[in-house]
Amino acid sequence: MQLDKIDLNLLRYLDSLLREQNVTHAANQLGITQPAMSNGLRRLRDLFHDPLLVRTSDGMMPTALAIQLQPRVENILQSVDEVLHLGQSFEAESSSRVFRIMASDYAEATLIPPLMKKLQSEAPNVILDVMNPSDVSFHDVEKGKVDLVINRFDTLPQSFHQKSVWIDHFSCLVPADSDLAKNFNLTNYLSSSHVWVSKTGFGVGVGIQPEEIQKLGWVDGTLADLGFKRNIRLFTRNYNVAMRATEQLGLIATLPSLATRLMEGNDKVVVLPTPFEVPPIELKMLWSPLLQHDPGHIWLRSTIAGCSKAIAESNNL
């Protein structure tokens, strides 16, 4: 092959086709027509003397050559992106860019308000579009359709970049007028009714089976190791619901400490240390390697890192 005979823009087509494995979806991603993408696929097949994508009963599937090409094409496009961004800068003061962030409601409630306050003074026209974990798929993040994912993660894709936001410990939210608040120990904790809340990772969640202790997370896993089990009466994925369940229903909520501090000033609840030691949780932010060298994205990550550091320091995390 001779470079002067190759349209390097075809590599963008190939990258999108191999990610989407669908001509129409790949065309939509690049903002071109479906016939233009079909023509691009035909030219790619001629260029590599290989069909690259083959229609099967499961949809379009990559050939062996296409599978070998995919990581190499990604690396080439990332290198080109780095070259094009050399010397460029992001003018936060004048930018009106929209950044899409997927965040759990724990992260959204504790991090986003201070972050937004900082943006109002430093980047008044920048817009944040905060999405729920159920709004976002792994592929959305991989393709760079979502700028950042901020959550707790059981497992992390090795291809993603990541940075710790903070490490938080657990506290208990207890009805202020309850006997438990006056005599808070493990025995009374276990005899009380509880609300469970969690949403890790991203994507659509699944229903909870109370008997599957190993899938209930940090708190219940720790109790199981001690030979105990909570009496959970309500399962939710929303931290605000969990906190209101303490206030309105008298259920005990065992939550990350920063979340419980959102209830400070509410005289119907009190925040107490857990009556047993629970391993801390780490909030992380993840992003696609496609966005690693984008100046605006670098600015956003740096701004979030500075904001989260201030929050951690002010709360003694």
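Every value quoted in this text rests on a predicted model; they were computed, and no experiment measured them.

**Here's the deal with the sheet that holds strand β11 (residues 269–273)**
Strand order in this open sheet of five strands is β9-β8-β10-β7-β11, and the pairing throughout is mixed. Edge positions in the open sheet fall to β9 (231–236) and β11, since each of these has one partner strand only. Strand-to-strand twist across the sheet, computed as the mean angle between neighbouring axes with direction ignored, equals 30°. Alignment of strand β8 (residues 193–197) against strand β10 (residues 252–256), held across two bridges, turns out to be parallel. For His194, the partnering residue across the bridge sits in β10 and is Ile252. The strands that helix α10 (residues 239–249) touches are β7 (170–175), β8, β9, β10 and β11; relative to β10, the one it contacts most, it runs at about 145°.

**Structural notes on the environment of Phe153**
With respect to the helices, strands and loops of the structure, Phe153 is situated in the loop between β5 (148–151) and β6 (161–168). As a C-alpha pair, Phe153 and Glu282 span 129 residues in sequence and 8.3 Å in three-dimensional space.

**What about the sheet that holds β6?**
Spatially, the five strands line up as an open sheet ordered β4-β3-β5-β12-β6, and their pairing is mixed. Each edge of the sheet is formed by a strand with only one pairing partner; in this case those strands are β4 (127–131) and β6. Strand after strand, the sheet turns through a mean of 20° between neighbouring axes, direction not considered.

**Considerations on the confidence of the model for the protein**
Looking at the protein as a whole, the pLDDT averages 85, with 89% of positions reaching at least 70. Element-level mean pLDDT values for the protein span from 79 in helix α4 (residues 64–85) up to 95 in β11.

**Side note on the environment of Tyr13**
Mapped onto the secondary structure, Tyr13 falls in helix α1 (residues 9–20). A relative accessible area of 13% places Tyr13 in the buried class. A sequence separation of 31 residues divides Tyr13 from Leu44, and the C-alpha atoms of the two residues are 8.7 Å apart. Excluding residues within four positions of it along the chain, Tyr13 makes contact with Leu30, Ile32, Ala36, Met37, Gly40 and Leu44.

**A look at empty space enclosed by the protein**
Using the criterion set out here, one finds one cavity of 30 Å³ or more in the structure. In this structure, the largest cavity encloses a volume near 130 Å³. Among the secondary structure elements, those contributing two or more residues to the lining of the largest cavity are β8, α9 (218–225) and β10. Of the residues in the lining of the largest cavity, the class split is ten nonpolar, three polar and three charged.

**Considerations on unusual backbone geometry**
Despite not being glycine, Gln21 shows a phi value in the positive range, around 50°. Structurally, Gln21 is set in the loop between α1 and α2 (23–30). If you check the backbone angles, Leu52 has positive phi at about 65° while not being a glycine. Examined against the element boundaries, Leu52 turns out to sit in the loop between α3 (34–48) and β1 (53–56).

**Some thoughts on the packing of α1 against α3**
Remark: α1 packs on α3, axes separated minimally by 10 Å, with the N-to-C direction vectors making an angle of 100°. Comparing the axis directions of α1 and α3 gives the class roughly perpendicular. For the pair α1 and α3, contact is made by Leu10, Tyr13, Leu14 and Leu17 and by Ala36, Met37, Gly40, Leu41, Arg43, Leu44 and Phe48, respectively. Here the residues of the contact of α1 with α3 sort into nine nonpolar, one polar and one charged.

**Let's talk about the side chain of His297**
With respect to the helices and strands, His297 occurs in helix α12 (residues 295–314). In this structure, His297 is in contact with Arg97, Phe99, Asp147, Leu148, Trp287 and Leu291, ignoring residues within four places of it in sequence.

**Re the packing of α1 against α2**
Two numbers describe how α1 lies on α2: the axes approach to 8 Å, and their chain directions differ by 130°. Classified by the angle their axes make, α1 and α2 are oblique. α1 and α2 meet at a crossing whose hand is right-handed. Residues Arg12, Tyr13, Ser16, Leu17 and Glu20 of α1 lie in contact with α2, whose contacting residues are Val23, His25, Ala26, Gln29 and Leu30. For the contact of α1 with α2, the class distribution of residues is five nonpolar, three polar and two charged.

**Topic: α3**
The end-to-end C-alpha distance of α3 is 21 Å, a good match for the 21 Å that 15 residues give at a rise of 1.5 Å each. Residues of α3 that are buried include every one of Met37, Gly40, Leu41, Leu44 and Phe48, and no others. All buried residues of α3 lie within an arc of 100° about the axis, which places them on one face of the element. Its side-chain oxygen at 3.2 Å from the backbone nitrogen of Ala36, Thr33 defines the N-terminal cap of α3. In the segment just after α3, His49 is the residue with positive phi, at about 55°.

What counts, and at which threshold
Residues numbered from 1 in each chain as written. Predicted model: local features only at pLDDT ≥ 70, side-chain atom pairs only at ≥ 80, totals over all residues. Heavy atoms only, no water. Pairing = 2+ DSSP bridges. Helix = DSSP H or I, 4+ residues; strand = E, 2+ residues; numbered from the N terminus. Axes fitted to C-alpha atoms, helices over the stretch in contact; angles between N-to-C directions. Contact = heavy atoms within 4.5 Å. pLDDT = per-residue confidence, 0-100. Buried < 20%, exposed > 50% of the residue type's maximum accessible area, 1.4 Å probe, protein only. 1 Å grid on protein atoms, 1.4 Å probe; cavity = no way out; pocket = protein on both sides within 12 Å on 5 of 7 lines; lining within 4 Å. Points joined across faces, edges and corners; volume = space filled by probe spheres on them. Nonpolar A, V, L, I, M, F, W, Y, C, P; charged D, E, K, R; others polar. Parallel < 35°, antiparallel > 145°, perpendicular 65-115°, else oblique. Left-handed = near helix turned anticlockwise from the far one by under 90°. Expected span 1.5 Å × (residues − 1). Arc of directions from axis to C-beta. Polar contact = N/O pair within 3.5 Å; in protein donor to acceptor, adjacent residues only side chain to side chain.

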